[in-house]
Structure formats: structure tokens, C-alpha cells
Amino acid sequence: MNTDAPWPSLVEARARVLGIQTKLHRWASDDPDRGFDDLFNLVADPATLMVAWSRVRANKGARSAGVDGQTARTIEAGRGVEAFLFDLRAELKQRRFVPLPVREQMIPKSAGKWRRLGIPATRDRVVQAALLTVLEPILEADFAPCSYGFRPNRRAHDAIAEVHQFARNGYTWVFEGDIEACFDNIDHAVLMRRLCRRVADKRVLALVKAFLKAGILGEDQVNRETRTGTPQGGILSPLLANLALSVLDDHFVRSWQQSSATRVDRARRHRHGLATYRLVRYADDFVVMVNGSRAHAEALHEEVAAILAGIGLRLSPDKTKVAHIDDGFDLLGFRIRRDGKQGDGRRYVYTYPSKTSLASILRKVKAISRQGTNQPLSEILRQLELALRGWTTYFRHAVSNATFGYLRHYTWRRVVLWLRAKHRRASWKSLRRRYTVRGWWPEHDGLRLFDPAAVKIVRYRYRGTRIPTPWTPVERHGTACLA
């Protein structure tokens, strides 16, 4: 490829990059042992950098500055995008590019815990996006179908649908795995060895390792080394985490192919009192579905712990547990449980919004409705719509009618309380006349309160294991062998 060509337009760059990615993915799929030894020029290609910039610029994180204080907007207003990319490409080509430490930001979690978020400099995000553009089509060819997190054309609903499918077909015991601080503890040496199986270009490997070792500038303004982990927040981190955690996928896929691949194999195992296992993973959240007994599920603890120890990770003793589908378990915000159908007597597997997820959106609604009363009602309605629309869209594929109805009532009550606080001396009759339509539903300046109960519940169809990537021809989706 002519890497000295003039800077293309974004449309031309995307078309060129898509062609490159399609070739890389096809070559990687056709030859599982192939090592790619000339990738650096693709990373530093003008088209790749242009696409990487567009990806960084479109991300909400573009408004956050790294340790250098620059955002995408300040770069555009300053020297301009083309000059910025030209200088960045020159640094890469001349081997002068050195990643800056990521800026640490601690994000509160439940139960008073905190999660570390790393905010890379904008220049580093662009290079990471360029690396992702080149490496993802290659590594995707090796990833197992049971992995759904941070992969193209895959989403959390696919993982839930697969768990639902397994549970309906005899996999009634569930090993719920929880990895302690996954992104912080991945062993760099193991990760690089796995990357070396596919990438032989030493310049690309050195660039990836430089990002891993870039360090962290803490909130206390102290620089710290990063000897393990892939800091959350970097564009490249999810791909590297998937690469490391694919050891877990490979183990269960290999075990399935060796002893459970056919219906006869599975029947033989069950006759001898042995179980069959299916892994479903979304990033560092995973479950192992077990067609067997509780003892079989509990025995997985040591097996999984040994696999994760090889990449520097360990299971959380408090959150790792075994559950039966009749008791239910939580995964990716959903509660999955087998219940009896009302008036039927037969039992079916259902997915609901979990209590934790509901509590989370209720906290958001409460926080929005507790803001000061100096602003107009329309601003409160706008913020509520953003929060509620996203939450209900995510859970509209579950059995959510009752939950959406409760959320509707709760939200309406919180808005009414806000209005009563804003107009303390006004009667309810005057507030209804001024702020509601049809006598009771809040509206202001053309904005109506979002109604969660109006969101249509739609069943999410299981797409099988052969979900096409953006670089492969669309084929008829396959189905998993579950018996």
C-alpha cells in the first residue's frame, strides 16, 4: 500500500480501511497459524489515522482531556486536524512516539467501592484507535463464539439470549464467575505472548507494550508504573482484555470439542454421571452453564481459578457462586430465572430487569428530580428522558411490563414533588392547568415526561453462534448445539 499518498477524505479513508480490514480478516481466518509481520505501515497509514481520529472525535470521551490538557475540540481550534495527524504520523514513522501516562479518575461503584478509569491523551487515543483498526480483524478470527463483550456486531442481549437458550435445554446449574479487578491485574508477559502468536511485527508489538507500560498519573498527581493490567478507558484496552480472557474461552471450547461435540458424546457423558458445560462471557462477566449436578458446578471453581491464575487473575471469593435456574441469578443487569406460567402450571425461563438495575435507575431519577427549582421543568424532563429512554431500551427485551409500570409511577411522583417544591404556594389545580396535559401528565415547552410504560416489549431473537463480523459476508445465522 502506498503510505506516502496525500491525506484522503473521511469517506475515502473509510472505504480504504474497510478493504484492508476485510483482507486481514480473511487471511487470518483462512490460516489460523499465520503471523502478520508488516502491520506497522498500516497503523501509520493516513487513511487509518483519519478513521481513528473520526472514531475518537465521535466518542463522548473526546470532551475529556488527558495529562496534556488537550481535547479533540482544542486540537481542531488550534493547529487543525490535518496538521495534528501529519505530526503524529511523522512521530510514528520516525519511532519517536512515546505514550503519555493516563490520567486517573476514580468512579464510584456500589457498596462504597471505587473503580479506576484511565483517561489517555487525545494523541494516544488516536494511535490506540489505529492499532485497534488493524489488530481487531486479525484477532477476531481467533475469538470463540461464546464471547460477546466489546466485539463488533455483538451485544449483551446476545449473551443473555444464549444463556436463556442453554437454560431451556437442560443446563440448569450455573457457575457465576466474578474476577477481581480484571482490567488492573492482567499479566503483561502472558498478554504479549498471546499477541505474538498472530502479530510478528516488532514495531507494533513495541507500540502495544509501550501503552501497557505508559503509567498512571493518579488523582494525587503522583506518577505510578503499570506493571500489570490494561487501564479501563483506553480504546485498545477491551481488545487486549478479550485477548487475555480468551484463554478461558479456549479451554471450554476445547473441552467441548473433545468430549461433548456430538449428541452421542453428550449422552455417553450423562450416562456415566458426567456433566456438560457451556461458557458464556461478556468481557470479564461470565457464567458457566452446567447440565449436571450442583457438585459438578461447584467443582468448576478450582478449574476456572487455575486457568485465570495463568494470566494473573483470580476469582472473587465473595461474588463467585453457584445457583440453580429455579432460584435465578443476575447477569449483565438481568435476572434470569425459571418460573411457572400463571394459569398454565408449566415452567419457563424468563429474564427480568434485576433489582440492582432497577435501584440504579431509581437513584438517577431521584437525583435528577432533586435538583434546584430555579431551572424550568423542561430541563428536568429532558434529563429524565435521556436516562429513562436508554434504560428502557436496554430492558425492553425482557419481561419488563410490571417494572416499566412501577418506574412510570415513581417518575411521575418525583416530578410532581419537584413541581410542588418549585411552586410552594400554588394549588394542585393550578399546577395541573399550567404543567400537565389531559389533567395529570407533566409537559412543558413542548417536552412531555417520558413514559416508560409506553415502551413496547419486543422479544430478542437468539442469533446463534455464527454472528457475522463487519468484514465477512452476511450468512444465515447458525444455531448452537444444545442437547
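Residues numbered from 1 in each chain as written. Predicted model: local features only at pLDDT ≥ 70, side-chain atom pairs only at ≥ 80, totals over all residues. Heavy atoms only, no water.

## Things to note about the sheet that holds strand β14 (residues 447-448)
Quick reminder of the rule: Strands qualify as paired when DSSP identifies two bridges or more between them. Each helix corresponds to a stretch of at least 4 residues labelled H or I by DSSP, and each strand to a stretch of at least 2 residues labelled E; elements are numbered beginning at the N terminus.
What the three strands build is an open sheet, ordered β12-β13-β14; its pairing is antiparallel. A single partner strand is all that each edge strand has here, and the edge strands are β12 (436-437) and β14.

## Notes on the nonpolar core
Put simply, the test is: Take the buried Ala, Val, Leu, Ile, Met, Phe, Trp, Tyr and Cys residues and link them wherever side-chain atoms come within 4.5 Å; each set so joined is a nonpolar core. The classification of residues rests on relative accessible area computed with a 1.4 Å probe and restricted to protein chains. Under 20% of the type maximum is buried, over 50% is exposed, and intermediate values are partly exposed.
Within the largest apolar cluster, 82 residues are counted, with the highest numbers of intra-cluster contacts made by Leu39 and Val208. Looking at this core, the element that brings in the most residues is helix α6 (residues 122-140), giving ten residues. With 48 residues, the next largest nonpolar core counts Ala156, Ala159, Val174 and Ile380 among its residues.

## Quick word on the pattern of salt bridges
Put simply, the rule reads: For salt bridges, the criterion is a side-chain nitrogen of Lys or Arg within 4 Å of an Asp or Glu carboxyl oxygen.
Per the counting criterion, the structure on display carries 24 salt bridges. For Arg408, the salt bridge goes to Asp451, with nearest N and O atoms at 2.8 Å. Note that Arg408 is positioned in helix α16 (residues 401-422) and Asp451 in the segment after β14, a separation of 43 residues in sequence. Using a relative accessible area of 26% as the deciding quantity, one classes Arg408 as partly exposed. The partner of Glu443 in a salt bridge is Arg448, with the nearest N and O atoms 3.9 Å apart. Judged by relative accessible area, which is 24%, Glu443 ranks as partly exposed.

## As for the packing of helix α15 (residues 377-395) against α16
Rules: Here the axes come from fitting lines to C-alpha atoms, over the contacting stretch only for helices, and the angles between their N-to-C directions go from 0 to 180 degrees. With respect to orientation, any angle under 35 degrees is reported as roughly parallel, any angle over 145 as roughly antiparallel, any angle of 65 to 115 as roughly perpendicular, and every other angle as oblique. Working rule for contacts: check all heavy atoms of both residues, and any pair within 4.5 Å makes them a contact. By the convention adopted, Pro, Cys, Tyr, Trp, Phe, Met, Ile, Leu, Val and Ala count as nonpolar, Lys, Arg, Asp and Glu as charged, and the other residues, Gly among them, as polar.
Where α15 meets α16, the closest approach of the two axes is 12 Å, and the angle between their N-to-C directions is 170°. If you check the angle between α15 and α16, you find them roughly antiparallel. Contact residues: α15 offers Leu377, Ile380, Leu381, Leu384, Leu388, Trp391, Thr392 and Phe395, while α16 offers Thr403, Phe404, Leu407, Thr411, Val415, Trp418 and Leu419. Looking at the contact of α15 with α16 residue by residue, the class counts come to twelve nonpolar, three polar and no charged.

## Some words on the sheet that holds strand β6 (residues 276-282)
Taken together, the four strands give an open sheet; going across it, the order is β6-β7-β3-β8, and neighbouring strands pair in antiparallel fashion. Edge strands, defined here as strands with exactly one partner in the open sheet, are β6 and β8 (321-324). For this sheet, the mean inter-axis angle between neighbouring strands, taken without regard to orientation, is 25°. Pairing of β6 with strand β7 (residues 285-291) involves seven bridges; the strand directions are antiparallel. Note that in β7 the partner of Arg281 across the bridge is Phe286.

## Notes on a positive patch on the surface
For the record, the criterion: Patches here are clusters of residues that have more than 30% relative accessible area and form no salt bridge, with a 9 Å joining cutoff for like charges and a 5 Å cutoff for nonpolar side chains (Val, Leu, Ile, Met, Phe, Trp, Tyr). For the area figures, the Shrake-Rupley method with a 1.4 Å probe applies, and any residue is considered shielded solely by the protein chains shown. In this charge count, Lys and Arg are treated as positive and Asp and Glu as negative; neither His nor the chain ends contribute. Charge positions are represented by NZ for Lys, CZ for Arg, CG for Asp and CD for Glu.
Residues Lys60, Arg63, Arg73 and Lys364 make up a contiguous surface patch of positive charge. In this fold, Lys364 is placed in helix α14 (residues 355-369).

## Considerations on the side chain of Ser369
Inclusion rule: Two N or O atoms form a polar contact when they lie within 3.5 Å of each other; inside protein one atom must be a possible hydrogen donor and the other a possible acceptor, and for residues adjacent in sequence the pair counts only when both atoms belong to side chains.
Along the polypeptide, Ser369 turns up in helix α14. Among the residues examined, Ser369 registers a relative accessible area of 5% and is labelled buried. Side-chain polar atoms of Ser369 contact the backbone oxygen of Lys366, separated by 3.1 Å. Not counting the four nearest positions on each side in its chain, Ser369 is found in contact with Arg414 and Trp418.

## Considering α16
The following threshold applies: Each residue after the first adds 1.5 Å to the expected span of a helix.
Given a rise of 1.5 Å per residue, 22 residues ought to cover 32 Å, and the 32 Å separating the end C-alpha atoms of α16 matches this to within 8%. Looking at the buried side of α16, the elements it contacts are β11 (347-353), α14, α15, α17 (428-435) and β13 (441-444).

## Some remarks on the pairing of strand β3 (residues 173-178)
Burial analysis of β3 places five of its six residues in the buried class, the great majority of the element. Sheet analysis places β3 next to β7, joined by six bridges and oriented antiparallel. Bridge pairing in β7 links Gly177 to Phe286. Where β3 and β8 come together, four bridges link them in antiparallel fashion. Looking at β8, one finds that Phe175 is bridged to Val322.

## Regarding unusual backbone geometry
A negative phi holds for most residues other than glycine; trans holds for most peptide bonds. Despite not being glycine, Ala181 shows a phi value in the positive range, around 45°. Residue position: Ala181 is located in the loop between β3 and α8 (182-185). Relative accessible area serves as the criterion here: at 41%, Ala181 is assigned to the partly exposed category. Positive phi outside glycine occurs at Leu332, with the angle close to 55°.

That's the geometry; what it means functionally is another story.
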